[in-house]
Amino acid sequence: MKHFTTLLTSAALVAASALVAQANEFRLGLITPPPHIWTKAAEAFGAELAEVSGGAHSVSVFPARQLGNEAEMLQQLQTGALDMAFMTVAEVSNRAPDMGAFYAPYLANDIAHAGRILRSETAASLLEPLAGQVGVVGVGYGMAGLRQIVSRGEISTAQDLAGLKLRITPFAPILDFYNAVGAAPTPMPLPAVYDALANGQVDAIDMDAELIWVLKYFEHADTIVQSDHMMFPMVGLVSAKVWAGMSDDDRAMIGGLMAKHVDSTIDSYIAKEAGWLEQVKDTGITYTKVDASFFGDAVEQWNAIWSQKAKSLDALRAVAAQTE
Ligand code: BEZ
């Protein structure tokens, strides 16, 4: 919420703000399917905004890439054709490489630690340049679970990943990681992944526990490697153009409620991730839990690349150390 105070006074955003509160029907896009935690949080945000605004504002939620993939939605946010999105920080980092720092392998010791890092002042400060740099206002962070590996074949060592067509979310930090591992990383947006794994278009996928268990991705795999190698933040976004046309009161109400609901996803994953993974293990599938040593020098290779690309890496590492 502190981030809001900064936003409300940010000169970068102010184009036309002496407006009185006005009724609005906002459109919010995201790529996750209807039962996903992010989609439910988006719907809860819309319901609470309608209630708190006495019906003046409403939010229509478009899940499952109905408005396009994340790159397309980001463009729509920039032009003002789309009002809002709950978006992977991965996609935003394609335009704001400093955000790649969140993906430092093993930055977070566990999911609760990832939550503390995302709730830090340092993390909030990374949202501030987005309005000027990308044309979107980042109101706050959410997340999904830590990243795991789901494979159609047996995986005992990282050498077993060599040359595997391994699906990744399309963004540079994860591409660099799996290149360092020696796999053949295959960028693919989320909605295409289930079928690609089922029909063997890819050999393995980089994924989180909710999708592995709740959305049944494990059913098309032989091996789960619980590696917990990266966090996976999400960000609540408002088009900077749309934001500039809002009254201060509306910014406070809309931004505050959106921040609350994206933040709620952090608590959901902290509460549920371990249980999902237990249930996957209980199916009898081959299940191994590994740590950073599994990946050999890939973690160090990643650090060498991203210490040049993401200037906030040291600051986020300092937060990680303080919040252990
Ligand atoms: C993914 O690309 O793996 C992903 C995207 C959004 C939510 C969860 C996972």
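Everything quoted here is computed from the prediction, not taken from an experiment.

Criteria and thresholds
- Residues numbered from 1 in each chain as written.
- Predicted model: local features only at pLDDT ≥ 70, side-chain atom pairs only at ≥ 80, totals over all residues.
- Heavy atoms only, no water.
- Pairing = 2+ DSSP bridges.
- Helix = DSSP H or I, 4+ residues; strand = E, 2+ residues; numbered from the N terminus.
- Right-handed = clockwise from strand over helix to strand, strands pointing away.
- Buried < 20%, exposed > 50% of the residue type's maximum accessible area, 1.4 Å probe, protein only.
- Arc of directions from axis to C-beta.
- Contact = heavy atoms within 4.5 Å.
- Polar contact = N/O pair within 3.5 Å; in protein donor to acceptor, adjacent residues only side chain to side chain.
- Core = buried A, V, L, I, M, F, W, Y, C linked by side-chain atoms within 4.5 Å.
- Domains from an automatic or database assignment.
- Near = heavy atom within 4 Å.
- Nonpolar A, V, L, I, M, F, W, Y, C, P; charged D, E, K, R; others polar.
- Axes fitted to C-alpha atoms, helices over the stretch in contact; angles between N-to-C directions.
- Salt bridge = Lys/Arg side-chain N within 4 Å of Asp/Glu carboxyl O.

Participant: How should the pairing of strand S7 (residues 184–187) be read in this particular structure?
Facilitator: Across a regular strand the side chains alternate sides, sitting on one face of the sheet and then on the other. The pairing of strand S6 (residues 165–168) with S7 spans 4 bridges and is parallel. Within the sheet, the bridge partner assigned to Ile168 lies in S7 and is Pro187. Note on the crossover from S6 through helix H8 (residues 172–181) to S7: the handedness is right-handed.

Participant: Help me understand helix H3 (residues 70–79), please; the structure alone is not making it clear to me.
Facilitator: For an α-helix the count is 3.6 residues per turn, leaving residues at separations of three or four pointing the same way. Along H3, the residues classified as buried are Glu70, Met73, Leu74, Gln76 and Leu77. For H3, the buried positions fall inside an angular range of 160° around the axis, keeping them on one side. The secondary structure elements touched by the buried residues of H3 are strand S1 (24–29), strand S3 (84–88), helix H4 (89–93), helix H7 (130–134), strand S4 (136–144) and strand S10 (232–239). For H3, the capping residue at the N-terminal end is Asn69, with a side-chain oxygen 3.1 Å from the backbone nitrogen of Ala71. Phi for Gly80, located one or two positions after H3, is positive at around 90°.

Participant: Where do I start with the nonpolar core in this structure?
Facilitator: Across soluble globular proteins, nonpolar side chains show a tendency to be buried alongside one another. Judged by nonpolar contacts, the single largest core of 117 residues is most densely connected at Phe45, Phe86, Met99 and Phe102. No other element matches helix H12 (residues 248–282), which puts 10 residues into this core. Counting the residues that make up this core, at least three belong to each of domain 1 (4–144 + 232–271) and domain 2 (147–230 + 275–322).

Participant: What am I meant to see in the environment of Ala112 here?
Facilitator: Examined against the element boundaries, Ala112 turns out to sit in helix H5 (residues 111–118). Spatially, the C-alpha atoms of Ala112 and Ser156 are 27 Å apart, while their sequence positions differ by 44 residues.

Participant: How should I be thinking about the site of the ligand in this particular structure?
Facilitator: Inspection of the region around the ligand gives Ile31, Thr32, Trp38, Thr88, Arg147, Arg167, Thr169, Leu190, Met207, Asp208, Leu211 and Phe232 as its neighbouring residues. Residues belonging to the shell around the ligand are distributed by class as follows: 6 nonpolar, 3 polar and 3 charged. Looking at which domains feed residues into the shell around the ligand, each of domain 1 (4–144 + 232–271) and domain 2 (147–230 + 275–322) gives three or more.

Participant: Please clarify how the sheet that holds S7 should be interpreted in this entry.
Facilitator: Paired through their backbone hydrogen bonds, the strands of a sheet run either parallel or antiparallel. With mixed pairing, 6 strands are arranged side by side in an open sheet as S7-S6-S8-S5-S9-S11. What marks the edges here is a single partner per strand, and that holds for S7 and strand S11 (286–289). Within the sheet, the average angular offset between the axes of one strand and its neighbour, ignoring direction, is 25°. Where H8 meets the sheet, it contacts strand S5 (147–151), S6, S7 and strand S8 (204–208), and its direction lies at approximately 160° from that of S6.

Participant: Would you explain the pattern of salt bridges in this entry?
Facilitator: A side chain with one charge may pair with a side chain of the opposite charge, provided their charged atoms come close. Taken as a whole, this structure holds 10 salt bridges when the rule is applied. Its salt-bridge partner being Arg147, residue Asp206 comes within 2.7 Å of it at the nearest N-O pair. Here the residue Asp206 occupies a position in strand S8, and Arg147 occupies one in strand S5, the gap between them amounting to 59 residues. Of the residues examined, Asp206 reaches a relative accessible area of 1% and is grouped as buried. One salt-bridge network, in which partners are shared between bridges, spans Arg119, Asp263 and Asp267.

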